[in-house]
Amino acid sequence: MRVLDIEPVKYEEDKMLVLDQTQLPGEMAYLEMKTKEDVWDAIYKLKVRGAPAIGVAAAYGLYVCAKDINAKNYNDFYKRFIEIKNYLASSRPTAVNLFWALDRIEGRVKEFEEEKLTIDSWENTQSAIKKAILEEAEKIRAEDESACRAMGENGLTLLKPGMGILTHCNAGTIATAKYGTCLAPLYIGHEKGYDFKVFVDETRPLLQGARLTAWELNMAGIDTTLICDNMASIVMKNGWIDAVVVGCDRMSANGDGANKIGTSGLAILAHEYGIPFYMFVPTSTIDMNTKSGDEIKIELRDGAEIYELWYEKPMAPKGIKTYNPAFDVTEAKYITAVITERGILYPPYEESLKRLFEQY
Ligand code: MRU
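Residues numbered from 1 in each chain as written. Predicted model: local features only at pLDDT ≥ 70, side-chain atom pairs only at ≥ 80, totals over all residues. Heavy atoms only, no water.

### Thoughts on empty space enclosed by the protein
The tally for this structure, following the rule as stated, stands at three cavities of 30 Å³ or more. Considering only enclosed or pocket space, the largest cavity measures out at about 220 Å³ in volume. Taken together, 26 residues make up the lining of the largest cavity; nearest its centre are Arg 49, Gly 50, Ala 51, Asp 249 and Asn 259. Looking at the lining of the largest cavity, the elements with two or more residues in it are helix H2 (51-66) and strand S9 (257-260). Here the lining of the largest cavity gets three residues from one element, more than from any other, and that element is H2. Among the residues making up the lining of the largest cavity, the classes are represented as 13 nonpolar, eight polar and five charged. Size it by volume and the second largest cavity reaches roughly 60 Å³. If you go around the second largest cavity, the residues you meet are Arg 204, Pro 205, Leu 206, Gln 208, Lys 260, Ile 261, Arg 301, Glu 305, Asn 324, Pro 325 and Ala 326. Residue composition of the lining of the second largest cavity, by class: five nonpolar, two polar and four charged. (1 Å grid on protein atoms, 1.4 Å probe; cavity = no way out; pocket = protein on both sides within 12 Å on 5 of 7 lines; lining within 4 Å. Points joined across faces, edges and corners; volume = space filled by probe spheres on them. Helix = DSSP H or I, 4+ residues; strand = E, 2+ residues; numbered from the N terminus. Nonpolar A, V, L, I, M, F, W, Y, C, P; charged D, E, K, R; others polar.)

### Re the site of the ligand
Near the ligand, the surroundings consist of 19 residues, among which Arg 49, Arg 92, Asp 249, Asn 259 and Lys 260 are the closest. A distance of 2.7 Å is found between an oxygen atom of the ligand and a side-chain nitrogen or oxygen belonging to Arg 49. Its free accessible area being 420 Å², the ligand has 100% of it covered by the protein chains. Most atoms of the ligand, that is more than half of them, are within 2 Å of grid points of the largest cavity. Secondary-structure elements contributing two or more residues to the shell around the ligand are H2 and S9. Here the residues of the shell around the ligand are counted per class, giving eight nonpolar, seven polar and four charged. The two domains that each donate at least three residues to the shell around the ligand are domain 1 (3-145) and domain 2 (150-358). (Near = heavy atom within 4 Å. Polar contact = N/O pair within 3.5 Å; in protein donor to acceptor, adjacent residues only side chain to side chain. Areas by Shrake-Rupley, 256 points an atom, 1.4 Å probe, with all protein chains shown as cover. Sits in = over half its atoms within 2 Å of the grid points. Domains from an automatic or database assignment.)

### Description of the packing of aromatic side chains
Taken as a whole and assessed by the stated rule, the structure comprises eight aromatic pairs. Between the aromatic rings of Tyr 11 and Tyr 63, the centroid separation amounts to 5.7 Å while the plane-to-plane angle is 75°, which identifies the pairing as edge-to-face. With a gap of 52 residues between them, Tyr 11 in strand S1 (residues 9-12) and Tyr 63 in helix H2 connect regions that are remote in the sequence. On the accessibility criterion, Tyr 11 (16% relative accessible area) is buried. Residues Phe 199 and Trp 240 carry aromatic rings whose centres are separated by 5.9 Å and whose planes lie at 20° to one another, so their mutual orientation is stacked. Pair noted here: Phe 199 is in strand S5 (residues 197-201) and Trp 240 is in the loop between helix H8 (232-237) and strand S7 (243-246), with a separation of 41 residues, a long-range link. Given a relative accessible area of 9%, Phe 199 falls into the buried group. A relative accessible area of 45% places Trp 240 in the partly exposed class. Members of the aromatic cluster, joined through ring pairs, are Tyr 11, Tyr 60 and Tyr 63. Lying over the aromatic face of Tyr 179, Lys 178 brings its terminal NZ or CZ to 5.8 Å of the ring centre. (Phe/Tyr/Trp six-rings, centres within 6.5 Å; stacked < 30°, edge-to-face > 60°. Buried < 20%, exposed > 50% of the residue type's maximum accessible area, 1.4 Å probe, protein only. Lys NZ or Arg CZ within 6 Å of the ring centre and 35° of its normal.)

### Here's the deal with the side chain of Asn 259
Position of Asn 259 relative to the elements: it lies in strand S9. Only 3.4 Å separates the side chain of Asn 259 from the backbone nitrogen of Cys 248, close enough to count as a polar contact. Here Asn 259 is in contact with Val 246, Gly 247, Cys 248, Asp 249, Met 279, Ala 326, Phe 327 and Asp 328, once residues within four sequence places are set aside. (Contact = heavy atoms within 4.5 Å.)

### Concerning helix H11 (residues 349-358)
Listed as buried for H11 are Tyr 349, Ser 352, Leu 353 and Leu 356. Across the axial projection of H11, the buried residues extend over an arc of 95°, all falling on one side. The exposed residues of H11 that point more than 90 degrees off its buried face are Glu 350 and Glu 358. As for H11, its buried residues are in contact with strand S8 (250-252), strand S11 (286-287), strand S13 (337-340) and strand S14 (343-345). (Arc of directions from axis to C-beta.)

### Quick notes on the nonpolar core
Ranked by size, the top nonpolar core spans 43 residues in total, and within it Met 16, Val 48, Phe 77, Phe 81, Ile 105, Ile 129 and Ile 133 carry the most contacts. The leading source of residues in this core is H2, at 13 residues. In this structure, Ile 105 is in contact with Ala 59, Leu 62, Phe 81, Ile 133, Glu 136, Ala 137 and Ile 140, ignoring residues within four places of it in sequence. Judged by nonpolar contacts, the second largest core, of 28 residues, contains Ile 165, Ala 184, Tyr 187 and Tyr 278. (Core = buried A, V, L, I, M, F, W, Y, C linked by side-chain atoms within 4.5 Å.)

### Some remarks on the sheet that holds strand S3 (residues 30-33)
Spatially, the three strands line up as an open sheet ordered S1-S2-S3, and their pairing is antiparallel. In this open sheet, the two edge strands, each paired with only one partner strand, are S1 and S3. Neighbouring strand axes in the sheet, compared pairwise and without regard to direction, differ in orientation by 30° on average. Sheet topology note: the S1/strand S2 (residues 15-19) ladder contains four bridges and is antiparallel. Note on S2: the bridge partner recorded for Val 9 is Val 18. Where H2 meets the sheet, its contacts fall on S1, S2 and S3, and the angle it forms with S1 comes to roughly 30°. (Pairing = 2+ DSSP bridges. Axes fitted to C-alpha atoms, helices over the stretch in contact; angles between N-to-C directions.)

Following this line, the structure appears as structure tokens:
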């Protein structure tokens, strides 16, 4: 199987299927999402994860739940729709794609408010709303696929054959509709014969690097070396790293980027060693309503993920206090360039991000 043929979220034969990433790399199993609880649980438990893939899952998830609504009129439909939307929005707080995708779908629903209604009966309107929700979910998925492809092409212009690349977490094909964000240039470069040497941080505590990125890159036949997170500085010092590439969960208007816990430390190390630090950020992940990284809500997760999840018995004293933030914020000053599907941005990001959105 080709890695780029693996889809984290599929809608086929009237079924929403999610690749259960908690089972990887051991098993590739798809779960059917039938209820809002299924979708919430899949997002919260990281069965589907990665900012763009969460957005796609939320969009199809809204359709799966909204298609069973049988409302009396538009207001009744909207009320029930918003209840589902708010529930799904409570699954994870940091990746803005979740809220962005849910808002986009709400925008389509609102096009059918009664005063704008041109369809003859409420039954027909209700069917049309449901059709519009599915259409929008398909659009979100397809747009993400082309955004990732474009980010891959753009990002590749910054890389050269033979480069040593360090990456963190998983911003690969299963974190998006296809290709990934920061792994996209590696796949495209590999197809062109670039012989990258990729170092993958295991990414504690949930091991997205070891379980998912190493699995993806290995399957693609890319030269991959797995390291523990605390080995990043030695591989940089050894001179093995020419660029660090990472994804993003939410970028604020000043260019601060929240990404998997550990990313900001890597950026500071890269700065110290004079290594370019590239953040791959589709426009769906840029939140111009958030002024700086200080305003980004960081998800806190159960401490058992640190001392229990991967071990046969707890690897810490009983009752130990824990602190388990899932993300941190890399300050804009450490980011050499932001790669988007619409081009590469350079500091000062306050200006380049503003210009990016003014152009469209
Ligand atoms: O907790 P996760 O696994 O959802 O965190 C994912 C990341 O931090 C990714 O780097 C980010 O979402 C970019 S994915 C293209």
